[in-house]
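Listed below, chain by chain, are the residues.
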Amino acid sequence: MKLYFTRHGKTQWNQEKRFQGQSGDSPLLPESYEEIKAFGQLVKEVPFEKIYSSTSKRARDTAMGILAELDHPVEIVYTDDLRELGLGRLEGQSIEKLRETEAENLDYLRYHLEKYDPTPYQAEPIPAAIKRIEKVVNEAVAAANDGPLLFVSHGAILTAAIQHMVGKPLEKLREEGGLLNSSLTIIEETASTNQTSASYQMKRWNDVRFLDKD
């Protein structure tokens, strides 16, 4: 079964380089709707069984924009468990300004998740966030027939969860960088020796070529 993932379209806070996280939720930029449409056109012939989306408005708007382009419209299932990594007091703040005092820990958040400490920000631990994303994905796979399925979520948590699902340890989850807005990632369910969980293989990572981007 193939599983498709996309990060929501670019938002005002993305452009302003502010942390959004789980509770922050700025609107999509006007030009993002064209990129969402391009994503929808790219996958319009894929016979998705369902779309699973974060309940954040930026993700819901992205999911609905993609759905409008599909040849075979399907149900969108909204769940809080696909929301972004909770960043606590970081949410809404300027990334550049925070780097003046939090540079080391913010670098860990971006590049070395095994060293990132969420406690100063009253933020969500990385393993807990990965676990909730994987739970949604695994339960969706178990409930599906042959798929495929589409998941619409957020950059930080999707990057970590997808890489974890294909077998990378915590210290390597960011080695290929973070997911771009409106990018396409595909993983495929494979045979697993562990009957209690699915196993996945990367098929396509962070592809934005259809958006005419580098």
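This text goes with the structure placed above it.
Quick look at the structure, then.

Procedures and definitions
Residues numbered from 1 in each chain as written. Predicted model: local features only at pLDDT ≥ 70, side-chain atom pairs only at ≥ 80, totals over all residues. Heavy atoms only, no water. Helix = DSSP H or I, 4+ residues; strand = E, 2+ residues; numbered from the N terminus. Rg over C-alpha atoms; globule rule 2.2 N^0.38 Å. Buried < 20%, exposed > 50% of the residue type's maximum accessible area, 1.4 Å probe, protein only. Contact = heavy atoms within 4.5 Å. Areas by Shrake-Rupley, 256 points an atom, 1.4 Å probe, with all protein chains shown as cover. Lys, Arg positive; Asp, Glu negative; His and termini not counted. Charge placed at Lys NZ, Arg CZ, Asp CG, Glu CD. Pairing = 2+ DSSP bridges. Axes fitted to C-alpha atoms, helices over the stretch in contact; angles between N-to-C directions. Parallel < 35°, antiparallel > 145°, perpendicular 65-115°, else oblique. Left-handed = near helix turned anticlockwise from the far one by under 90°. Phe/Tyr/Trp six-rings, centres within 6.5 Å; stacked < 30°, edge-to-face > 60°. Nonpolar A, V, L, I, M, F, W, Y, C, P; charged D, E, K, R; others polar.

Observations regarding the overall build of the chain
Turning to step 1, where the next piece is worked out: Helix and strand counts for the chain stand at six helices and six strands.
Turning to step 2, where the next piece is worked out: Put simply, the chain runs from its N terminus to its C terminus through helices and strands in the order β-α-α-β-α-β-α-α-β-α-β-β.
Turning to step 3, where the next piece is worked out: Taken against the 2.2 N^0.38 rule, which gives 17 Å for 214 residues, the C-alpha radius of gyration of the chain at 17 Å falls within 12% of a compact globule.
Turning to step 4, where the next piece is worked out: Judged by the C-alpha coordinates and their principal axes, the chain covers about 50 × 45 × 30 Å.
Turning to step 5, where the next piece is worked out: Relative to its full complement of 214 residues, the chain shows a buried share of 50%.
Turning to step 6, where the next piece is worked out: In the chain, 70% of the contacts between residues at least 6 apart in sequence involve partners at least 24 apart.
Turning to step 7, where the next piece is worked out: Carbon and sulfur atoms make up 46% of the accessible area of the chain, which amounts to about 10400 Å² in all.
Turning to step 8, where the next piece is worked out: Of the charged side chains in the chain, 27 are positive and 34 negative; the average position of the first set lies 2 Å away from that of the second.

Considering the pairing of strand 5 (residues 184–190)
Turning to step 1, where the next piece is worked out: By the bridge criterion, four bridges tie strand 1 (residues 2–7) to strand 5 in an arrangement that is antiparallel. Note on strand 5: the bridge partner recorded for Y4 is I186.
Turning to step 2, where the next piece is worked out: Note that strand 5 and strand 6 (residues 199–207) share six bridges and pair antiparallel. Pairing of I186 across the sheet is with R204, part of strand 6.

A closer look at the packing of helix 5 (residues 126–143) against helix 6 (residues 155–165)
Turning to step 1, where the next piece is worked out: As a packed pair, helix 5 and helix 6 sit with axes 9 Å apart at the nearest point and diverge in direction by 65°. Here helix 6 runs roughly perpendicular to helix 5, going by the angle between their axes. Considering the relative orientation of helix 5 and helix 6, their crossing is right-handed. Only I157, A160, A161, H164 and M165 of helix 6 make contact with helix 5, whose side of the interface consists of A129, I130, I133, E134 and V137.

Structural notes on the packing of aromatic side chains
Turning to step 1, where the next piece is worked out: Overall, the coordinates contain five aromatic pairs when judged by the stated rule.
Turning to step 2, where the next piece is worked out: Look at Y4 and F48: their rings are 5.1 Å apart centre to centre, the planes differ by 90°, and that puts the pair in the edge-to-face class. Taken as a pair, Y4 in strand 1 and F48 in the loop between helix 2 (32–42) and strand 2 (50–54) lie far apart in primary sequence, 44 residues in all.
Turning to step 3, where the next piece is worked out: In this structure Y4 comes out as buried when scored by relative accessible area, which is 11%.

Focus: the packing of helix 2 against helix 3 (residues 57–67)
Turning to step 1, where the next piece is worked out: Where helix 2 contacts helix 3, the axes come no closer than 8 Å and their chain directions differ by 50°. Overall, the two elements helix 2 and helix 3 adopt an arrangement that is oblique. By crossing handedness, the relation of helix 2 to helix 3 is classed as right-handed. When helix 2 is examined against helix 3, the residues Y33, I36, F39 and G40 are found in contact with a partner set consisting of D61, T62, G65 and I66.
Turning to step 2, where the next piece is worked out: Considered class by class, the residues forming the contact of helix 2 with helix 3 number four nonpolar, three polar and one charged.

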